[in-house]
Structures are given as structure tokens and as C-alpha cells.
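Structural features, examined
Spelled out from the first residue to the last, the chains are:
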Amino acid sequence: AALKMQLNAKLFGQHLAKDVVLKAVMGFSSNPSPKKPLALSLHGWAGTGKNFLSQILAEHVHPAGLRSKFVHLFLATLHFPHDNQVEAYKEQLQNWIRGNVSACPHSVFIFDEMDKMHPGLIDAIKPFLDYYEQVDGVSYRKAIFIFLSNAGGDLINKAALDFWTSGKRREEIQLKDLEPMLSVGVFNNKNSGLWHSSLIDRNLIDYFVPFLPLEHKHVKMCIRAEMIARGYTVDEEIVQAVADEMTFFPKEEKIYSDKGCKTVQAKLDIHEDI
């Protein structure tokens, strides 16, 4: 209930992601003996809420969230920067996960910038995601793995635009409309971090979660939420002014924000004096 309330209050325009993640986490949490860890792969353009949702999810498992010693965030460009050291990274990654799950079976691992990760590197964690009761005496079945990627964003945006063009409501888009093409698209995308990955091949990722591009109304929701978080009274003129500074696509229709809500904080800073 707390997770649902937080997602409803803070994550805008993502009915699919909310629904899928909520059901997945509730099912996983209530299962006393899961057969494998929960693995979620979140896809969509920047600023659509992937990081945000993974933080909320981490806080649901460990109240300190990203500050918890049981929540681990990996950034491809920071932790795995050099292509020629992939074998060393694989070993480090396995040791790190093994050590942390030994200390806390409910560890959460978040891999950001998957689209910048060296192909093949993530396959090093395949044994931990598979249907094994234990690997070298350690059970990984209660851990959660979350992968964040911009890969597949173009496919999601095109599908959303097709729905809009055909006069259908955004809320009518269902997981079955996007998930199959998303998993295939990511598997065949050399820049996805999951290119030809055994994690997809062996069906070890439980859900490919699409994040839809955000419309004007969603961007305004983000602006209002940010103003409230800063302790301001919501002024609709400022909300409109900040929204007007954002850029939208396609060129003609201008329906979707090309940076989602990513630049809302910076844009609002400019209006601080008002």
C-alpha cells in the first residue's frame, strides 16, 4: 500500500510502469520461497522516471534507499569505464554481489546506464539470476536486480505516437503492446548492454518495463511537485512559463517532452526570484 501511494503521488504519466512494478514487487515480496531473484529491466528516454522509480522501490525494501548499505548502484561510465578491463570487471562484479548477498539476502542491485555498458559484461551475473537454489552456498533468490537503459526508447516513443495518431488514449497502451518488441529490440541493439545477452536468451529478466514519453500535462505535474518539494505555493503562471521553456517532439505535433522532466529543477531555478 505504501509503495502504491508513493508511485501514485510521485511518478507521473507512467501507468504501465506503475502497474507492472507494483504487481511484480507485491508478488515477489509475498512469496516466502521465490524460485529466482526479481529482475526488472526499465526502458525509456531520459527524464521519464526510471531512476526515480528504482529509488522509490529501493526505499520500499530498505528505508534508507540509496544510502542503505544493502542497496547498490552501479554506473557503467563510473564503475566499468574501460573496454579492455572487462574480464577484471566481471570478476569484481561477481565478488561484490556474492559478498553483499551473503551479508543480506534482500540486497537490491541497480545497474544504471546499461546502454553504455560493454556487451557481455552483464552476463557475468547470469548464475545469480538463474533458477538455482544456491550458488557456492549462497542463495540469491530474495535479491532484486534492476537494469536501467535508454535503449528501446525510440521503439516505445514510436508505439506511443502510433497510439496517439490512431486516436487511442495513452492509458490504453498495455504491456503486451510493447514488451515483446522491447525484449527483441534490446537483445539486437549493440548499445543496450543486453546485446545478445544470456539474461534475455534464458528468460531471466522477469519484466521489460516501458517508460512512455511524457506529455505537456505530465511535465506540468513534475513542475508542481518540485515547487511543493521546495516549499513554494504553486503558481500556475510559473508552471506554464517553465513548461514553455521545455522542448517537445515530433517537430510538427510537439506532443512529447524530449527530456521528460529531467531539466525541470534547473529551469525552475531560473524562476527562483519570482
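Worth saying up front: this structure is predicted, and the values here are computed from it rather than measured.

**Comments concerning the nonpolar core**
If you look at the biggest cluster of nonpolar residues, it comprises 70 residues, and the most contacted ones within it are Ile97, Phe111, Ile122, Ile125, Phe145 and Phe147. For this core, the element with the highest residue contribution is helix H2 (residues 15-30), accounting for eight residues. Two domains share this core, each providing at least three of its residues, namely domain 1 (1-212) and domain 2 (215-271). Setting aside anything within four residues of it in sequence, one finds Phe111 in contact with Phe74, Leu93, Ile97, Met117, Ile122, Ile125, Phe145, Ile146, Phe147 and Leu148. Counting residues in hydrophobic clusters, the runner-up holds 15 residues, among them Phe12, Ile223, Met246 and Phe248.

**A word on the pattern of salt bridges**
The final tally for this structure, using the stated rule, is twelve salt bridges. Residue Arg170 pairs with Glu215 through a salt bridge whose shortest N-O separation is 3.3 Å. Here Arg170, found in the loop between helix H7 (153-165) and helix H8 (175-187), pairs with Glu215, found in the loop between strand E5 (207-210) and helix H10 (216-229); they are 45 residues apart in sequence, far enough to count as distant. The pair formed by Arg170 and Glu215 is uniform in burial state, with each residue classed as buried. Residues Asp269 and Arg230 are paired through a salt bridge, measuring 2.8 Å at the closest nitrogen-oxygen approach.

**Brief notes about the side chain of Ser68**
Within the element layout of this structure, Ser68 appears in the loop between helix H3 (50-61) and strand E2 (71-75). Here Phe70 takes part through its backbone nitrogen, which lies 3.0 Å from a polar atom of the side chain of Ser68.

**Remarks on the packing of H10 against helix H11 (residues 236-244)**
One can describe the packing of H10 onto H11 by two numbers: an axis separation of 9 Å at closest approach and a directional angle of 125 degrees. Classified by the interaxial angle, the pair formed by H10 and H11 is oblique. For H10 against H11, the interelement crossing comes out right-handed. Along the contact surface, H10 presents Lys220, Ile223, Arg224 and Met227, while H11 presents Glu236, Ile238, Val239, Gln240, Val242 and Ala243.

**Focus: the domain arrangement of the chain**
The domains assigned to the chain are domain 1 (1-212) and domain 2 (215-271). The C-alpha centroid of domain 2 is placed 27 Å from the C-alpha centroid of domain 1. Taken over both partners, the interface formed by domain 1 and domain 2 buries close to 1,100 Å², and the fraction arising from carbon and sulfur atoms is 70%. Broken down residue by residue, the surface that domain 1 buries against domain 2 is led by Phe12, Trp164 and Arg170, which jointly contribute 44%.

**Digging into the state of the cysteines**
In a disulfide, the sulfur atoms of two cysteines are covalently bonded to one another. All chains considered together, the criterion is met by one disulfide. One disulfide bridge connects Cys222 with Cys261, the sulfur atoms lying 2.0 Å from each other. A torsion of 80 degrees about the S-S bond marks the disulfide between Cys222 and Cys261 as right-handed. Of this pair, Cys222 sits in helix H10 while Cys261 sits in the loop between strand E7 (256-257) and helix H12 (264-270), placing them 39 residues apart in sequence.

**Describing H7**
The first and last C-alpha atoms of H7 sit 18 Å apart over 13 residues, in line with the 18 Å expected at 1.5 Å per residue. Taken together, the buried positions of H7 are occupied by Gly153, Ile156, Asn157, Ala159, Ala160 and Phe163. All buried residues of H7 project into a common sector of 160 degrees when viewed along the axis, lining one side. The exposed residues of H7 that point more than 90 degrees off its buried face are Asp154, Lys158 and Thr165. Buried residues along H7 sit in contact with strand E1 (38-43), H8, E5, strand E6 (248-249) and E7.

**So, the packing of aromatic side chains**
To describe a pair of aromatic rings, you give the distance between the ring centres and the angle between the ring planes. Counted under the stated rule, the structure contains eight aromatic pairs. Considering the side-chain rings of Phe80 and Tyr89, the 5.6 Å spacing of their centres and the 70 degrees angle between planes classify their relative orientation as edge-to-face. On the basis of an interplanar angle of 20 degrees and a centroid distance of 5.0 Å, the ring pair of Phe109 and Phe145 is categorised as stacked. One end of the pair, Phe109, is in strand E3 (residues 108-112); the other, Phe145, is in strand E4 (residues 144-149), with 36 residues separating them in the sequence. Considered together, Phe109 and Phe145 belong to a single accessibility category, that of buried residues. Each residue in the set Phe74, Phe80, Tyr89, Phe111 and Phe147 is aromatic and connected to the rest through ring pairs, giving one cluster. One Lys or Arg, Lys168, reaches over the ring of Phe163 and ends 4.8 Å from the middle of that ring.

**A short note on the environment of Asp235**
Structurally, Asp235 can be placed in the loop between H10 and H11. The spacing of Asp235 and Arg224 is eleven residues in sequence and 8.3 Å in space, taken between C-alpha atoms.

Criteria and thresholds
Residues numbered from 1 in each chain as written. Predicted model: local features only at pLDDT ≥ 70, side-chain atom pairs only at ≥ 80, totals over all residues. Heavy atoms only, no water. Core = buried A, V, L, I, M, F, W, Y, C linked by side-chain atoms within 4.5 Å. Buried < 20%, exposed > 50% of the residue type's maximum accessible area, 1.4 Å probe, protein only. Helix = DSSP H or I, 4+ residues; strand = E, 2+ residues; numbered from the N terminus. Domains from an automatic or database assignment. Contact = heavy atoms within 4.5 Å. Salt bridge = Lys/Arg side-chain N within 4 Å of Asp/Glu carboxyl O. Polar contact = N/O pair within 3.5 Å; in protein donor to acceptor, adjacent residues only side chain to side chain. Axes fitted to C-alpha atoms, helices over the stretch in contact; angles between N-to-C directions. Parallel < 35°, antiparallel > 145°, perpendicular 65-115°, else oblique. Left-handed = near helix turned anticlockwise from the far one by under 90°. Buried area = accessible area lost by both parts, 1.4 Å probe. Disulfide = S-S within 2.5 Å. Expected span 1.5 Å × (residues − 1). Arc of directions from axis to C-beta. Phe/Tyr/Trp six-rings, centres within 6.5 Å; stacked < 30°, edge-to-face > 60°. Lys NZ or Arg CZ within 6 Å of the ring centre and 35° of its normal.

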